[in-house]
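Fold and geometry: a report
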Amino acid sequence: VQLVESGGGLVQSGGSLILSCAASGRTFSIYTMGWVRQAPGNEREFVASWRGGVTSYADSVKGRFTISRDNAKSTGDLRMNSLKPEDTAVYYCAASPRNLGGSRWYGYDYWGQGTQVTVSS
């Protein structure tokens, strides 16, 4: 499975962005799709996941971000509203054929190359 993210960029505080993840290869095997971010000097951090139709969010993004997946198109989106400067990071799309329970950034089998999101104050 190959994952390619798009949609990152520079946005002002309070603005919105939509990140997209296009999957190719054995996409039917994907059960868990997630978004993970990493800010400079920080460890990777769980953002959101979609597991068999069940969604999970980090407390820091709950109510502002929405994860979705289109199985027919083999794509996944992360809609980000009310962005804050602390949301600035490289955002990675990740996927696994396993049910990765819990709010974790590790354990994914497939990763995209990442897309930069910068939120100015």
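Right above here is the structure, for reference.
1. Quick look at the nonpolar core
Formed by 28 residues in total, the largest nonpolar core has its most connected members in Trp-35, Val-47, Phe-65, Leu-78, Met-80 and Tyr-91. Within the residue set of this core, elements represented by two or more residues are β3 (17–24), β4 (32–38), β5 (45–51), β7 (65–70), β8 (75–80), β9 (89–96) and β11 (115–120). Among residues more than four places away in sequence, those in contact with Phe-65 are Arg-37, Val-47, Tyr-57, Leu-78, Arg-79, Met-80, Asn-81, Leu-83, Asp-87 and Tyr-91.

2. As for the pattern of salt bridges
Tallied over the full model, the rule gives five salt bridges. Notably, a salt bridge pairs Arg-37 with Asp-87, separated by 2.9 Å at the nearest N-O pair. Within this pair, whereas Arg-37 is found in strand β4, its partner Asp-87 is found in the loop between β8 and β9, the two being separated by 50 residues in sequence. For the pair shown, Arg-37 and Asp-87 are each scored as buried. Its relative accessible area of 0% is what places Asp-87 among the buried residues. Residues joined in a network through salt bridges with shared partners are Arg-37, Glu-45, Arg-64 and Asp-87.

3. Side note on the environment of Ser-24
Inspection of the secondary structure puts Ser-24 in strand β3. For the pair Ser-24 and Gln-116, spaced 92 residues apart in sequence, the C-alpha separation works out to 21 Å. Here Ser-24 is in contact with Val-1 and Gln-2, once residues within four sequence places are set aside.

4. Here's the deal with the packing of aromatic side chains
Applying the stated criterion across every chain yields a total of three aromatic pairs. Judged by centre distance (5.8 Å) and plane angle (75°), the ring pair of Tyr-108 and Trp-111 falls under edge-to-face. Overall, the relative accessible area of 9% leaves Tyr-108 in the buried class. Residue class for Trp-111 comes out partly exposed when judged on its relative accessible area of 28%. One Lys or Arg, Arg-44, reaches over the ring of Trp-111 and ends 4.7 Å from the middle of that ring.

5. What about the environment of Lys-62?
Mapped onto the secondary structure, Lys-62 falls in the loop between β6 (54–57) and β7. In sequence terms Lys-62 and Ala-48 are 14 residues apart; their C-alpha atoms lie 8.8 Å from each other. Within the structure, the side chain of Lys-62 is placed 3.2 Å from the side chain of Asp-59, a separation counted as a polar contact.

Here is what the cut-offs are and how they apply
- Residues numbered from 1 in each chain as written.
- Predicted model: local features only at pLDDT ≥ 70, side-chain atom pairs only at ≥ 80, totals over all residues.
- Heavy atoms only, no water.
- Core = buried A, V, L, I, M, F, W, Y, C linked by side-chain atoms within 4.5 Å.
- Buried < 20%, exposed > 50% of the residue type's maximum accessible area, 1.4 Å probe, protein only.
- Helix = DSSP H or I, 4+ residues; strand = E, 2+ residues; numbered from the N terminus.
- Contact = heavy atoms within 4.5 Å.
- Salt bridge = Lys/Arg side-chain N within 4 Å of Asp/Glu carboxyl O.
- Phe/Tyr/Trp six-rings, centres within 6.5 Å; stacked < 30°, edge-to-face > 60°.
- Lys NZ or Arg CZ within 6 Å of the ring centre and 35° of its normal.
- Polar contact = N/O pair within 3.5 Å; in protein donor to acceptor, adjacent residues only side chain to side chain.

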